[in-house]
Amino acid sequence: MLTTALRHYPRVRPLPIALSLVCVASSAMAAQPPERSISYTNLTAGRVNPLGLIEVFELGYRLRLYDSTNPLFENNFVSFALRPALTPAWGRLSGVLRIQPLSILQLWAEYGAGGHFGTFGLMQSFPTATADVSDTALDAREEAGVNYAATGTQIGLGVLLQAKVGPIAARSSARFIRPNHDLQDGDTAYYNIVYDIVIPDRAWAVNKDTDLLWVSKFGLVAGVRWSLTHAFTRETDFSPDEAGRNAPLHRVGPLLAYSFWDEPGAAFNKPTALVVANWWLQHPSRTGQDSSQAIPYLILGFTCEGDLWQAN
């Protein structure tokens, strides 16, 4: 169904939206979890600038590490989950390990495998990381038929810091990824639609989201987000006059999330509508070079979660 709908929009490039978006007002800052549980989260979202669609489902087993009534310690756990992600252009199945020793700190690691289907202009790869991946350039390459199907894996490591005092919450999520794809002969880097950058294959990239939030008592969360993205490239990937292509990407803007209800332990819980509107502050093609800086990076999404089983 998604593929059929997207055929009317040839420039759509599907993406995954980081699941940290779900946690804007999530159980990460909630009270002590059950001793054991099997739970899930689901995210359906679309994005503009660049365009994309995603469906992400995560199902996992969670175990409380220790008992505590201290707010700093009570929300602790270790969990393992399977997370399939599907778009009209690619799919991936990942295993995710999370450890939250403190209510304010979560560490995670994942390993995923999947592939690009060769649709919607992806996969697109290049001999070096200096490639022009503006919308105009990617569209021209798609029309020339240079995209192709490819398989690959990805390692992810991350850390989440969060705190809440009264109605004010702050959170910072950093994720490091290392892709390893079967690129066509002669290419060493590829366009990553998730982070809108060129990443050298088997190299690391970082994405960091920092949020300052107001959390209401009636389900509304409002705040501002600053995002940074950077690929760790080699000096040989850039000549002196192309060094700007390796500059970090920055964007900033408001976010809103509204949860219609919250009933802990329910099988279907926290249905939440999400809106994120950020403006690019630094980008090689989205601050007036190829597209107007007035066009926001816009996300519209819907999430839900639930406990399928729990024991105390």
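Residues numbered from 1 in each chain as written. Predicted model: local features only at pLDDT ≥ 70, side-chain atom pairs only at ≥ 80, totals over all residues. Heavy atoms only, no water.

**Here's the deal with the overall build of the chain**
Turning to step 1, where the next piece is worked out: What the chain contains, in helices and strands, is two helices and 15 strands.
Turning to step 2, where the next piece is worked out: Taking all 312 residues of the chain together, the buried fraction comes to 50%.
Turning to step 3, where the next piece is worked out: Here the contacts in the chain between residues at least 6 apart in sequence split such that 65% fall between residues at least 24 apart.
Turning to step 4, where the next piece is worked out: When the accessible surface of the chain is split by element, carbon and sulfur atoms take 64% of a total near 14100 Å². (Helix = DSSP H or I, 4+ residues; strand = E, 2+ residues; numbered from the N terminus. Buried < 20%, exposed > 50% of the residue type's maximum accessible area, 1.4 Å probe, protein only. Contact = heavy atoms within 4.5 Å. Areas by Shrake-Rupley, 256 points an atom, 1.4 Å probe, with all protein chains shown as cover.)

**Thoughts on unusual backbone geometry**
Turning to step 1, where the next piece is worked out: Along the chain, Asn-49 connects to Pro-50 via a cis peptide bond; the corresponding omega equals 0 degrees.
Turning to step 2, where the next piece is worked out: Structurally, the position occupied by Pro-50 is in the loop between strand S1 (36–48) and strand S2 (52–63).
Turning to step 3, where the next piece is worked out: Cis geometry is found at the peptide bond from Leu-122 to Met-123, where omega equals 5 degrees.
Turning to step 4, where the next piece is worked out: Turning to its location among the elements, Met-123 is positioned in the loop between strand S5 (105–116) and strand S6 (125–126).
Turning to step 5, where the next piece is worked out: The backbone phi angle of Asn-49 is positive, close to 65 degrees, even though this residue is not glycine.
Turning to step 6, where the next piece is worked out: Residue class for Asn-49 comes out buried when judged on its relative accessible area of 5%.
Turning to step 7, where the next piece is worked out: The backbone of Asp-196 sits at a positive phi, close to 60 degrees, despite the residue not being glycine.
Turning to step 8, where the next piece is worked out: Among the structural elements, Asp-196 can be located in the loop between strand S9 (189–192) and strand S10 (197–200).
Turning to step 9, where the next piece is worked out: What makes Asp-196 buried here is its relative accessible area of 3%.

**Here we look at the sheet that holds strand S12 (residues 220–231)**
The strands that make up a sheet pair up through hydrogen bonds in the backbone, lying either parallel or antiparallel.
Turning to step 1, where the next piece is worked out: Strand order in the closed barrel formed by 12 strands is S1-S2-S3-S4-S5-S7-S8-S11-S12-S13-S14-S15, and the pairing between neighbours is antiparallel. Pairwise comparison of adjacent strand axes, ignoring direction, gives a mean angle of 20 degrees for this sheet.
Turning to step 2, where the next piece is worked out: Judged from the seven bridges that link them, S2 and strand S3 (residues 77–86) form a sheet pairing that is antiparallel. In the strand pairing of S3, Arg-62 is matched with Ser-79. (Pairing = 2+ DSSP bridges. Axes fitted to C-alpha atoms, helices over the stretch in contact; angles between N-to-C directions.)

**Some details on helix H2 (residues 135–143)**
Turning to step 1, where the next piece is worked out: Asp-135, Ala-137, Leu-138 and Asp-139 are the residues of H2 that are buried.
Turning to step 2, where the next piece is worked out: Tucked into the core, H2 has its buried residues touching S9.
Turning to step 3, where the next piece is worked out: Count one or two residues on from H2 and you reach Gly-145, which has phi positive near 75 degrees.

**Let's talk about the packing of aromatic side chains**
Turning to step 1, where the next piece is worked out: Tallied over the full model, the rule gives five aromatic pairs.
Turning to step 2, where the next piece is worked out: Centre to centre, the rings of Trp-214 and Phe-218 are 6.3 Å apart; their planes meet at 65 degrees, and the pair counts as edge-to-face.
Turning to step 3, where the next piece is worked out: Plain terms: the ring middles of Trp-280 and Tyr-297 are 5.7 Å apart, the flat faces sit at 90 degrees to each other, and that makes the pair edge-to-face. Here Tyr-297 lies in strand S15 (residues 297–311) and Trp-280 lies in strand S14 (residues 269–282), a separation of 17 residues in the sequence. (Phe/Tyr/Trp six-rings, centres within 6.5 Å; stacked < 30°, edge-to-face > 60°.)

**Notes on the side chain of Asn-49**
Turning to step 1, where the next piece is worked out: As for its placement among the helices and strands, Asn-49 is situated in the loop between S1 and S2.
Turning to step 2, where the next piece is worked out: At 2.7 Å, the side chain of Asn-49 and the side chain of Arg-286 are in polar contact.
Turning to step 3, where the next piece is worked out: In terms of polar contacts, Asn-49 uses its side chain to reach the backbone carbonyl oxygen of Ile-295, at 3.0 Å.
Turning to step 4, where the next piece is worked out: Asn-49 has contacts with Trp-280, Arg-286, Ser-291, Ile-295, Pro-296 and Tyr-297, leaving out every residue within four places of it along the chain. (Polar contact = N/O pair within 3.5 Å; in protein donor to acceptor, adjacent residues only side chain to side chain.)

**Examining the environment of Leu-105**
Turning to step 1, where the next piece is worked out: With respect to the helices, strands and loops of the structure, Leu-105 is situated in strand S5.
Turning to step 2, where the next piece is worked out: On a C-alpha basis, the gap between Leu-105 and Val-159 in space is 7.4 Å, while along the polypeptide they are 54 residues apart.
Turning to step 3, where the next piece is worked out: Not counting residues up to four positions away in its chain, the partners in contact with Leu-105 are Ile-99, Gln-100, Val-159, Leu-160 and Leu-161.

**Side note on the environment of Ala-174**
Turning to step 1, where the next piece is worked out: In this structure, Ala-174 sits in strand S8 (residues 168–181).
Turning to step 2, where the next piece is worked out: Owing to a relative accessible area of 12%, Ala-174 belongs among the buried residues under this scheme.
Turning to step 3, where the next piece is worked out: Residues Ala-174 and Thr-229, 55 residues apart in the sequence, show an inter-C-alpha distance of 9.7 Å.
Turning to step 4, where the next piece is worked out: Apart from residues lying up to four places away in sequence, Ala-174 is in contact with Leu-157, Gly-158, Val-159, Asn-207 and Lys-208.

**Section: the confidence of the model for the chain**
Low pLDDT marks stretches whose predicted atomic positions should not be read closely.
Turning to step 1, where the next piece is worked out: Looking at the chain, the pLDDT average stands at 89 and 86% of residues meet or exceed 70.
Turning to step 2, where the next piece is worked out: Segment residues 1–28 is flagged for pLDDT under 50; beyond a separation of four residues in sequence, or across chains, it makes 86 contacts in the model. (pLDDT = per-residue confidence, 0-100.)

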